[in-house]
Amino acid sequence: MDNRVPPRATGPGPRRRDRHGRGMRGPIAPPQVPLAASRAEVFADLVQDSVERLERRWPQLADIDFLVLEVPRLPSGPDAAWSDEAVPLGGTIPAREGRRARVVVYRRPVEIRTKGRDERAALVHEVVVEQVAELLGLTPETVDPRYGED
């Protein structure tokens, strides 16, 4: 009884799995699953969620650009030096001719100060509220009545 299995013909392409049937089969998660989103994308979504919450009450926020930057810039100029001040979590850039006002949230300083997604979302919202209040010349409690309750 000679029941030999002929050897498989190897194709010109790379092997995706080893000879024991183990190895990478494909991507770990499909692109639409949150696992596949980068930390920067998840953070930008948190900022967008916060802005959408505020836009319901303040429609004029549609005229403001909201940006996410990694870290704040170092001070420049002749008197620029390191200081003992805390690293800012956000900032505002007032409107100029031909340019809309901007609110900036710095991702890395916020991420460093938070432990989990819920805590990060709360801090992002707090920063956005504070910066919008500064830009509009209002108190944070006026912009969001629930400010400081979390």
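Reading the values: rules and limits
Residues numbered from 1 in each chain as written. Predicted model: local features only at pLDDT ≥ 70, side-chain atom pairs only at ≥ 80, totals over all residues. Heavy atoms only, no water. Helix = DSSP H or I, 4+ residues; strand = E, 2+ residues; numbered from the N terminus. Expected span 1.5 Å × (residues − 1). Buried < 20%, exposed > 50% of the residue type's maximum accessible area, 1.4 Å probe, protein only. Contact = heavy atoms within 4.5 Å. Pairing = 2+ DSSP bridges. Axes fitted to C-alpha atoms, helices over the stretch in contact; angles between N-to-C directions.

### A word on helix α3 (residues 117–136)
The α-helix advances 3.6 residues per turn, and as a result positions three or four apart in sequence lie on the same side. Compared with the 28 Å implied by 1.5 Å per residue over 20 residues, the 28 Å span of α3 between its first and last C-alpha is a close match. Turning to α3, its buried residues are Arg120, Leu123, Val124, His125, Val127, Val128, Val129, Gln131, Val132 and Ala133. Close packing links the buried residues of α3 with α1 (39–55), β1 (64–69), β2 (90–93), β3 (101–106), α2 (107–112) and α4 (140–143). Glycine 137 sits one or two residues past α3 and shows a positive phi near 75°.

### A look at the sheet that holds β2
Taken in spatial order, the three strands line up as β1-β3-β2 in an open sheet, and their pairing is mixed. For this open sheet the edge positions go to β1 and β2, each flanked by a neighbour on one side alone. Here the average twist between neighbouring strands, direction ignored, is 20°. By the bridge criterion, six bridges tie β1 to β3 in an arrangement that is parallel. The residue of β3 that forms the bridge with phenylalanine 66 is valine 103.

### Considerations on α1
Its 17 residues give α1 an end-to-end C-alpha distance of 24 Å, which sits within 8% of 24 Å, the value for a rise of 1.5 Å per residue. Packed against the buried residues of α1 are β1, β3, α2, α3 and α4.

By themselves these figures say nothing about function.
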